[in-house]
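Here's the letter readout for the chains.
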Amino acid sequence: GVKELFIVCCCHAEKIQEYVENSASCKQFQVSIIVAPACKSVGAAMREVDSRGKIRGDFILVNGDVVSNMKLEPALLAHKKRREEEKNKDAILTMVFKTVHPSHKTSLFPEDDVCIAINPETNRLVHYQSMSSKGCGVDVTVFAAHPTVQVLYDRQYTHVCICSPEVLCLFTDEFDWQDFHADFVPGVLTSEILSYQIHTHTAVSGYAGRVNCFNSYDLVSKDIIRRWSFPLVPDVNLFLDTSYAYVYPGIYKEQGVTLAQSCVVGSDCVIGSKTTVGDGASVKRSVIGRGCSVGARADVQGSYIFANVIIEDDVTVVDSVLCDGVKLRRGAVVNRNCVLGAGVEIAAGFVVAEGKRLTVAAPPKDAGSDEEDGFDSDKEEDTRVAGDESDAAEVGPGGQGRLWRPEGDEVEAADVTLIMDRRAAAEKPCADGGYCDEGPDSDSDADT
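Numbers given to residues run from 1 along each chain, matching the order in which its sequence is written. Reporting of local features is limited, given that this is a predicted model, to residues whose pLDDT is at least 70; pairs of side-chain atoms are given and counted only at 80 or more, and all residues count toward the totals for whole chains, interfaces and linings. Excluded from the side-chain calculations are hydrogens and water; all other atoms, namely the structure's heavy atoms, are used.

### As for the overall build of the protein
Link 1 in the chain: Secondary structure elements are defined from DSSP: runs of H or I of at least 4 residues count as helices, runs of E of at least 2 residues count as strands, and each element is numbered from the N terminus. Summing up its helical and strand segments, the protein has 10 helices and 34 strands in all.
Link 2 in the chain: In this scheme, a residue with accessible area under 20% of its type's maximum is buried, one over 50% is exposed, and one in between is partly exposed, where area comes from a 1.4 Å probe on protein chains only. A total of 448 residues make up the protein; the buried ones form 43% of that total.
Link 3 in the chain: Contacts spanning at least 24 positions in sequence make up 47% of the contacts within the protein whose residues lie at least 6 apart.
Link 4 in the chain: Under the convention used here, a 1.4 Å probe and the Shrake-Rupley method define accessible areas, while residue burial counts only the protein chains that appear. Here the protein displays about 22000 Å² of accessible surface, and carbon together with sulfur accounts for 51% of that area. Throughout, a residue-residue contact means that at least one pair of heavy atoms, one from each residue, lies within 4.5 Å.

Okay, structure coming up:
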């Protein structure tokens, strides 16, 4: 079993440390937090870990944004067997995949949409290609070296792999390798000097999803609500001081929730404690945090509402994210794919256009700073824009906030939309409380 856990982070180390200290699930490990502000890539993080010389045996490499309930024992045993029983010291990496139908792939970035080729007798990876370009091209030398080759497009990488110490050494030696998919895997497969091998393991059960943009945040959240990730579901209350109960297929409520008799709560909803939903309000496919107020006749659809948000009467919110303390005054409308940072206030009757990112944080002095992105719920008061600096064209007269503009590596993630029309339309609840693929004309709302 895993005995020691290393967490490499480039920012927010104090918050991560606080969580680790207060988390019961972390007490079973010896946890070391490696703070490396300059690490902006997997390659840099691996070189930082290698420089500290703390890992001398096989280890599991997992992206910090992965949500999974997979059992890794079969992958670990297969990796160990190749290394020890078969004496194959060149087998330095085992990538864990899961089987998905190509039409169900949720590929948001090139590294998530890949075609692979393996030797089925050994599960050795012989080709790995992003499908951002049309077609899959396998070098003819691969077929010459391997009598049997399977070309697969129904595998999705889970961002979990079993590594031997040589992986760390390779990243250190190849100092220009930054990305795992674009640099490391192709570098090992195509090298004429290195004899190292990469193998694959396909998990036969379990869930794995990565949260690296708003779209995948929505996708993984819906999967959790629909219980694909069991036991990582709200009503198990595993990690935090929560009290969620599964009160209806697709609906979770904490203790202390107040629902008006005439309100409508549809499926795929989670509502936190001390939240009130007013008369005639409608909440569907949404997550609402603690201490929120949803006014009369308000309409909240496909959105994520964080803690202490005030939504007044006749407000409409569609497919958006509202961070802590946001206030939407009477009759305001927030259109699809908007993100409102902590403390933003939208004036009464004002319509926020589709795709807006709004913040109350003052423009950062250093445009490259990760610490002033405007969406941290724990910002101090002196980082807020002054009232006369708010942009009335974005938040309405008397509102609070300005337009946030992404820079650098934030641009790609910010451009990905929150909504998942294709998948949401293709699923409906089954009789057992799960979800079935019934085509685009199905209706997944069950009101209570």
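### Looking at the packing of helix H5 (residues 165-173) against helix H6 (residues 180-190)
Link 1 in the chain: For the pair H5 and H6, the least separation of the axes is 12 Å and the interaxial angle reads 105°. Classed by the angle they form, the pair H5 and H6 counts as roughly perpendicular. Contacts between H5 and H6 pair Val167, Leu170 and Phe171 from the former with Phe180, Phe184 and Val188 from the latter.
Link 2 in the chain: Considering only residue class, the contact of H5 with H6 consists of six nonpolar, no polar and no charged. The angle between two axes is taken between their N-to-C directions and runs from 0 to 180 degrees, where each axis is a line fitted to C-alpha atoms and a helix contributes only its stretch in contact. Note that the term roughly parallel is reserved for angles under 35 degrees, roughly antiparallel for angles over 145, roughly perpendicular for angles of 65 to 115, and oblique for everything else. Under this grouping Gly is polar, as are all residues other than the nonpolar Ala, Val, Leu, Ile, Met, Phe, Trp, Tyr, Cys and Pro and the charged Asp, Glu, Lys and Arg.

### Brief notes about empty space enclosed by the protein
Link 1 in the chain: Buried and open spaces are told apart on a 1 Å grid over the protein atoms alone, a cavity being a set of points where a 1.4 Å probe fits but cannot get out and a pocket being an open set with protein on both sides within 12 Å along at least five of seven lines. Residues with an atom within 4 Å of a point are the lining residues. Grid points are joined across faces, edges and corners, and a volume is the space filled by probe spheres set on the points. Overall, the coordinates contain one cavity of 30 Å³ or more when judged by the stated rule.
Link 2 in the chain: When its volume is computed, the largest cavity comes out at roughly 30 Å³.
Link 3 in the chain: As for the largest cavity, its lining consists of Phe97, Ile116, Ile118, Leu152, Arg155, Thr200 and Thr202.
Link 4 in the chain: Of all the secondary structure elements, the ones that give two or more residues to the lining of the largest cavity are strand E6 (114-119) and strand E10 (197-203).
Link 5 in the chain: Class assignment for the residues of the lining of the largest cavity results in four nonpolar, two polar and one charged.

### Notes on the sheet that holds strand E18 (residues 282-284)
Link 1 in the chain: Here we have six strands laid out as an open sheet, ordered E15-E18-E21-E24-E27-E30, and parallel in their pairing. Either end of the sheet is taken by a strand with one partner, and the two such strands are strand E15 (264-265) and strand E30 (351-352).
Link 2 in the chain: At least two DSSP bridges between two strands are required for those strands to pair. Judged from the three bridges that link them, strand E21 (residues 299-301) and strand E24 (residues 316-318) form a sheet pairing that is parallel. Among the inter-strand pairings, Val300 is bridged to a residue of E24, identified as Val317.

### Brief notes about the side chain of Ser164
Link 1 in the chain: In this fold, Ser164 is placed in the loop between strand E9 (155-163) and H5.
Link 2 in the chain: Take Ser164: its relative accessible area is 0%, and that puts it in the buried class.
Link 3 in the chain: Contacts described as polar in this section are N or O atom pairs within 3.5 Å, which, within protein, must combine one atom able to donate a hydrogen with one able to accept it, while residues neighboring in sequence count only if both atoms come from side chains. Only 3.2 Å separates the side chain of Ser164 from the side chain of Arg83, close enough to count as a polar contact.

### What about the sheet that holds strand E26 (residues 327-328)?
Link 1 in the chain: Strands sit in the order E14-E17-E20-E23-E26-E29 across an open sheet of six strands; the sheet is parallel. Each edge of the open sheet carries a strand with a single partner, namely strand E14 (258-259) and strand E29 (345-346).
Link 2 in the chain: With two bridges connecting them, strand E20 (residues 293-294) and strand E23 (residues 310-311) associate as parallel partners. Residue pairing for E23: Ser293 is matched across the bridge by Ile310.

### Here we look at helix H2 (residues 42-52)
Link 1 in the chain: The set of residues buried in H2 consists of Gly43, Ala44, Ala45, Met46, Arg47 and Val49.
Link 2 in the chain: Of the surrounding secondary structure, the elements contacted by the buried residues of H2 are strand E1 (4-9), strand E2 (30-35), strand E3 (59-62) and H5.
Link 3 in the chain: Of the residues flanking the end of H2, it is Gly53, one or two places downstream, whose phi is positive at about 60°.

### Re the packing of aromatic side chains
Link 1 in the chain: Only centres within 6.5 Å qualify two rings of Phe, Tyr or Trp (six-membered ring in Trp) as a pair; their planes then separate them into stacked at under 30 degrees, edge-to-face at over 60, and tilted for everything else. Evaluated as defined, the whole model comprises eight aromatic pairs.
Link 2 in the chain: Residues Phe97 and Tyr157 carry aromatic rings whose centres are separated by 5.6 Å and whose planes lie at 55° to one another, so their mutual orientation is tilted. One end of the pair, Phe97, is in strand E5 (residues 91-99); the other, Tyr157, is in strand E9, with 60 residues separating them in the sequence. Comparing Phe97 with Tyr157 shows no difference in burial state: the two are buried.
Link 3 in the chain: Measuring from centroid to centroid gives 6.0 Å for Tyr157 and Phe180, while their planes differ by 10°, and the two rings are stacked.

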